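Structure at a glance
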Amino acid sequence: MTSNSPDPAEFPVLPGLPRQWTITTSDGRTVTGYLPPWAGDDPSEHNVPADQLADRLADIHHTARFPGQRINLYSAPGPTGRPTSQEIFSCTIDCTPYAFHPDPRMPVANVHLCEETWITDLDPDGLLNLAHLLRAQADRLDHEIRPALVSAITTWPTP
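This text gives an overview of the structure that appears in the document. (Residues numbered from 1 in each chain as written. Predicted model: local features only at pLDDT ≥ 70, side-chain atom pairs only at ≥ 80, totals over all residues. Heavy atoms only, no water.)

**Considering the nonpolar core**
Across soluble globular proteins, nonpolar side chains show a tendency to be buried alongside one another. Rules: Put simply, a nonpolar core is a bunch of buried Ala, Val, Leu, Ile, Met, Phe, Trp, Tyr and Cys residues held in one set by side-chain atoms that sit within 4.5 Å of each other. Burial classes: relative accessible area under 20% of the type maximum marks a residue as buried, over 50% as exposed, and values in between as partly exposed (1.4 Å probe, protein chains only).
One finds Trp21, Ile23, Val31, Leu35, Ala39, Val48, Leu53, Leu57 and Ile60 forming the largest nonpolar core, which totals nine residues. Listed in part, the five residues of the second largest apolar core include Cys91, Ala109, Val111 and Leu122.

**Quick look at the sheet that holds strand β2 (residues 30-35)**
Inclusion rule: Strand pairing requires that DSSP identify at least two bridges connecting the strands. The secondary structure listing takes helices from DSSP runs of H or I that are at least 4 residues long and strands from runs of E that are at least 2 residues long, numbered from the N terminus. Between N-to-C directions, angles span 0 to 180 degrees; the directions come from axes that are lines fitted to C-alpha atoms, helices contributing only their stretch in contact.
Taken in spatial order, the three strands of this open sheet run β2-β1-β3, and their pairing is mixed. Two strands close off the open sheet at either side, each with one partner strand: β2 and β3 (45-48). Averaged over all pairs of adjacent strands, the angle between strand axes in this sheet comes to 20°, irrespective of strand direction.

**A look at the sheet that holds strand β9 (residues 117-122)**
The criterion, for reference: Any pair of residues with heavy atoms lying within 4.5 Å of one another is described as a contacting pair.
The strand order across the open sheet formed by four strands is β4-β7-β8-β9, and the pairing between neighbours is antiparallel. Among the strands making up the open sheet, the edge pair consists of β4 (62-66) and β9. Going across the sheet, the axis of each strand differs from the next one's by a mean of 20°, ignoring polarity. For strand β7 (residues 90-95) and strand β8 (residues 108-114), the ladder comprises five bridges, and the chain directions are antiparallel. Along β8, the bridge assignment pairs Cys91 with Val111. Against the sheet, helix α2 (residues 124-154) contacts β8 and β9, and its axis sits at roughly 135° relative to β9.

What follows is the structure, given as C-alpha cells:
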C-alpha cells in the first residue's frame, strides 16, 4: 500500500509515558526494548534460560484494546436459537517487534468484526479506508435502506 507520510500532528497522542521492558537471562545478559505507553502488558522477565532468549523476544507482543459496540446477533452454534448480545467492531493496536517476519514489527490495527471474524494488519491508510467504508455503509443504512424499509412497511397490505 502506498501512502504519503501523514503529519504527526494529525493523530492524537495515546496517553502515558514511554517505558522500557527488560529480559535478563540466567547467564547475566540483559536485553531491553521500547515499551509503548499504549501497551497493556510488560513482557519483562528475569532468569530466562539463555537458550530461550530468541523465543522470548519473538513472543513479545504489544497490544491496546478498544471496545466495540454491543448488538444482538444470531450465531450458528447458538444453543438457544435466539440472538445473543455480542460485541462488534472492537479493535486492537498490535505490534510484535521481534516477529520472525518483518510485517508485524510495526503497529497495525486489527478490527474484530464479530465472534471469530477479524480484519487484520491495517496500516493507518488501511484503517482510514475501513472508516470510510463503514461511514459509507452507515450512510447507506440511514439514507437508502431505512427509507426503502419505511416505504416497504407503509405499502405492505394490512390484513
